[in-house]
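Here is how the chains run, residue by residue.
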Amino acid sequence: MELRMAVTKRFGAFDLETDFTTSGEAIGVFGQSGSGKSTLVSLLAGLAQPDAGEIWLDGECLYSSSRRIDLPPQRRRVGIVFQNACLFPHLDVEANLLYGYRRCAPENRSIDFKTLIGVLRLEELLKRGVNRLSGGERQRVALGRAILANPRLLLMDEPLSALDDSLKFQIITYLKSASEEFRIPYLFISHSLIEVRLMTEKVLAVAGGRITGQMTPEQLARQRMGQSQVGYINLLDVELKRRLGGLYAYRWGDTELFVSAGDDAPRAVFELSSRDIILFKKHPEAISARNLLKCTVLDTFPSGNKVGVELGCGGRKLVAEVVVQAADELAIQARSEIYAVVKAASFRRLG
Ligand SMILES: Nc1ncnc2c1ncn2[C@@H]1O[C@H](COP(=O)(O)OP(=O)(O)OP(=O)(O)O)[C@@H](O)[C@H]1O
């Protein structure tokens, strides 16, 4: 997918002005509340009109003020999933889904209904009224309806914001697998850095109605680490090995991690703040913390008044942070060996 948006739009005191080109299959739009993310979505989908400029999607002009082009929403082939599923309350799940098909020109109806309901696990819900669905089920139906219209681009505008944390991370799996299965690229709009890191491979950062940069989610996370209350959040994808009394042992790359907040699910994602990792130059003796990880320093980078330390650990990476004096005392530099110590209680389960 290739998108170019060079547009201006003024709403009272707020003015949006963008001039960017981006390409990819999983792109994030990240910014604080009021930065202009939803305005971008509306302009791209044709729900609002720019004051001036041009919008191009995959080589087709959707909007041009100078050439007087303004394709109506249904001809843009851009699907949207909003924060609140916006389903038709008087229709059941199946009828809501089939509405997506009706929005699609017959020559573009290439999404197989059965495959879709399989991917989104909606088989059992087809005859249910949408008012009797949970928040997560409603979002799966909204996603299915948008996909059945076979859009060339799916806009997901804060699709997880209205969901509980535990549900959010289940829905992420559906969003990603449906987009991959049906090869539909997406723009994922969110003010949550964690969501953007889990969902996208490239991010457009938005602030005050401007695109302030394009970067990888990892670069964005490091950029924001210094200003964040919680430092850098490591995301660890783990597999359950065994239970040990009150602890759970997980495989993370080639490393075994001991976690107190585990459960019996075979796979999980845990968060670990860079501030909960203590670094030792030498192997410490007799410690109460359950995780002692032998690491190699891969990189160091400034982060506010601290130093970010990227560690290689059993084939995976972790980011820790230390104050400048500690970095000097420990002589932390690329390729040096170091021990990272983490308490079993420092991991927080996502989902
Ligand atoms: N239809 C409108 N009329 C007047 N002002 C609007 C309209 N739509 C958006 N705005 C204003 O434009 C600015 C950007 O809003 P927008 O919804 O795009 O931000 P956002 O980044 O999506 O925020 P949020 O994450 O809270 O949804 C806000 O100041 C908002 O009040």
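The name an unreviewed UniProt entry gives the protein chain is Molybdate-transporting ATPase, with Geomonas limicola as the organism.

Asks: Before we go on, may I ask you to explain the overall build of the protein chain in this structure?
Replies: Secondary structure assignment for the protein chain yields nine helices and 21 strands. For the C-alpha atoms alone, the extent of the protein chain along its principal axes is close to 70 × 50 × 30 Å. At a minimum sequence separation of 6, the contacts of the protein chain that also span at least 24 residues come to 70%.

Asks: Quick question: what am I supposed to make of the nonpolar core here?
Replies: Generally speaking, nonpolar side chains in soluble globular proteins are found buried as a group. Formed by 87 residues in total, the largest nonpolar core has its most connected members in V141 and L155. Considering every element that reaches this core, the biggest residue donor is helix α5 (residues 135-148), with six residues. Lining this core are residues from two domains, each supplying at least three of them: domain 1 (2-219) and domain 2 (233-350). Here L155 is in contact with V41, L44, A45, V78, G79, I80 and L187, once residues within four sequence places are set aside.

Asks: Is there a simple way to explain the packing of helix α3 (residues 93-102) against α5 in this structure?
Replies: A pair of packed helices is captured by two measures, namely the crossing angle of their axes and the spacing between those axes. Relative orientation of the contacting elements α3 and α5 amounts to 30°, with a least axis distance of 6 Å. What the angle tells us is that α3 and α5 run roughly parallel. Handedness of the α3/α5 crossing: right-handed. Judged by residue contacts, V93, N96, L97, Y99, G100 and Y101 of α3 engage V141, G144, R145, A146, I147 and L148 from α5. Among the residues making up the contact of α3 with α5, the classes are represented as eight nonpolar, three polar and one charged.

Asks: Looking at this structure, I do not really get the sheet that holds strand β5 (residues 60-64). What am I missing?
Replies: For sheets, the rule is that strands pair by backbone hydrogen bonds, running either parallel or antiparallel. Reading across from one edge, β2-β1-β4-β5-β6 is the order of the five strands in this open sheet, with antiparallel pairing throughout. A strand with exactly one partner marks an edge of an open sheet, and here the two such strands are β2 (14-23) and β6 (69-70). When strand β1 (residues 2-11) meets β2, the two strands line up antiparallel, connected through ten bridges. Across the sheet, residue M5 finds its bridge partner in β2, namely F20.

Asks: What is the right way to read the site of the ligand from this model?
Replies: Residues in close proximity to the ligand include F11, G12, F14, G31, S33, G34, S35, G36, K37, S38, T39 and H191, which together make up its full environment. The leading source of residues in the shell around the ligand is helix α1 (residues 37-45), at three residues. A per-class count over the shell around the ligand returns two nonpolar, nine polar and one charged.

Asks: Which parts of the structure should I look at to understand α5?
Replies: An α-helical turn contains 3.6 residues, so any two residues separated by three or four positions project in the same direction. Helix length check: α5, at 14 residues, gives a terminal C-alpha distance of 20 Å against a target of 20 Å (1.5 Å per residue), a fit within 8%. When α5 is considered as a whole, its buried residues turn out to be E137, R138, Q139, R140, V141, A142, L143, G144, R145, A146, I147 and L148. Taken from the residues just after α5, N150 is the one with a positive phi, measuring 45°.

Asks: Before we go on, may I ask you to explain unusual backbone geometry in this structure?
Replies: Note on backbone geometry: most residues besides glycine have negative phi, and most peptide bonds are trans. The backbone phi angle of R77 is positive, close to 55°, even though this residue is not glycine. Mapped onto the elements, R77 comes out in the loop between α2 (73-76) and β7 (78-81). The class of R77 is buried, set by 20 C-beta atoms lying within 10 Å. Unusually for a residue other than glycine, E158 sits at a positive phi of about 50°. Structurally, the position occupied by E158 is in the loop between β8 (153-157) and α6 (165-181).

Asks: Looking at this model, I keep getting lost on the pairing of strand β11 (residues 210-215). Mind explaining?
Replies: A regular strand places its side chains on the two faces of the sheet in alternate fashion. With five bridges joining them, strand β10 (residues 202-207) and β11 adopt antiparallel strand pairing. Across the sheet, the residue bridging to A207 is R210, located in β11. Between β10 and β11, which pair antiparallel in sequence order, lie two residues; one of them, G208, sits at a positive phi of approximately 55°.

Asks: Would you mind showing me how to read helix α8 (residues 217-225) here?
Replies: Residues of α8 that are buried: P217, L220, A221, R222 and M225. Check the buried side of α8 and you find it contacts β3 (26-30), α7 (193-199), β10, β11, β17 (291-303) and β18 (306-313).

Asks: Looking at this model, I keep getting lost on the packing of α5 against α6. Mind explaining?
Replies: Contact geometry of α5 with α6 gives a least axis separation of 10 Å together with a crossing angle of 15°. When the axis of α5 is compared with that of α6, the two are roughly parallel. As for how α5 packs across α6, the hand of that crossing is right-handed. Counted together, G135, G136, Q139, R140, L143 and I147 of α5 and L167, Q170, I171, Y174, L175 and A178 of α6 form the full contact between these two elements. For the contact of α5 with α6, the per-class residue count stands at seven nonpolar, four polar and one charged.

Asks: Mind showing me how you'd approach the environment of T18 here?
Replies: Residue placement: T18 occurs in strand β2. T18 sits in the buried class, given 22 other C-beta atoms within 10 Å. A C-alpha to C-alpha distance of 49 Å links T18 and K241, two positions 223 residues apart in sequence. What T18 contacts, discounting residues up to four positions off in sequence, is M5, A6, V7, R210 and I211.

Asks: Looking at this model, I keep getting lost on the sheet that holds strand β20 (residues 337-342). Mind explaining?
Replies: Taken together, the five strands give an open sheet; going across it, the order is β16-β20-β17-β18-β19, and neighbouring strands pair in antiparallel fashion. Every other strand in the sheet has two partners, leaving β16 (278-280) and β19 (316-323) as the edge strands with one partner each. Between one strand and the next, the sheet's axes are offset by a mean angle of 45°, whatever the strand orientation. Bridge analysis of β18 against β19 gives eight bridges, and the strand direction is antiparallel. Following the sheet pairing, G312 is matched in β19 by K317.

Conventions adopted
- Residues numbered from 1 in each chain as written.
- Predicted model: local features only at pLDDT ≥ 70, side-chain atom pairs only at ≥ 80, totals over all residues.
- Helix = DSSP H or I, 4+ residues; strand = E, 2+ residues; numbered from the N terminus.
- Contact = placed C-beta atoms within 7 Å.
- Core = buried A, V, L, I, M, F, W, Y, C linked by C-beta atoms within 7 Å.
- Buried ≥ 20, exposed ≤ 12 C-beta atoms within 10 Å, placed from the backbone.
- Domains from an automatic or database assignment.
- Axes fitted to C-alpha atoms, helices over the stretch in contact; angles between N-to-C directions.
- Parallel < 35°, antiparallel > 145°, perpendicular 65-115°, else oblique.
- Left-handed = near helix turned anticlockwise from the far one by under 90°.
- Nonpolar A, V, L, I, M, F, W, Y, C, P; charged D, E, K, R; others polar.
- Pairing = 2+ DSSP bridges.
- Near = placed C-beta within 6 Å.
- Expected span 1.5 Å × (residues − 1).

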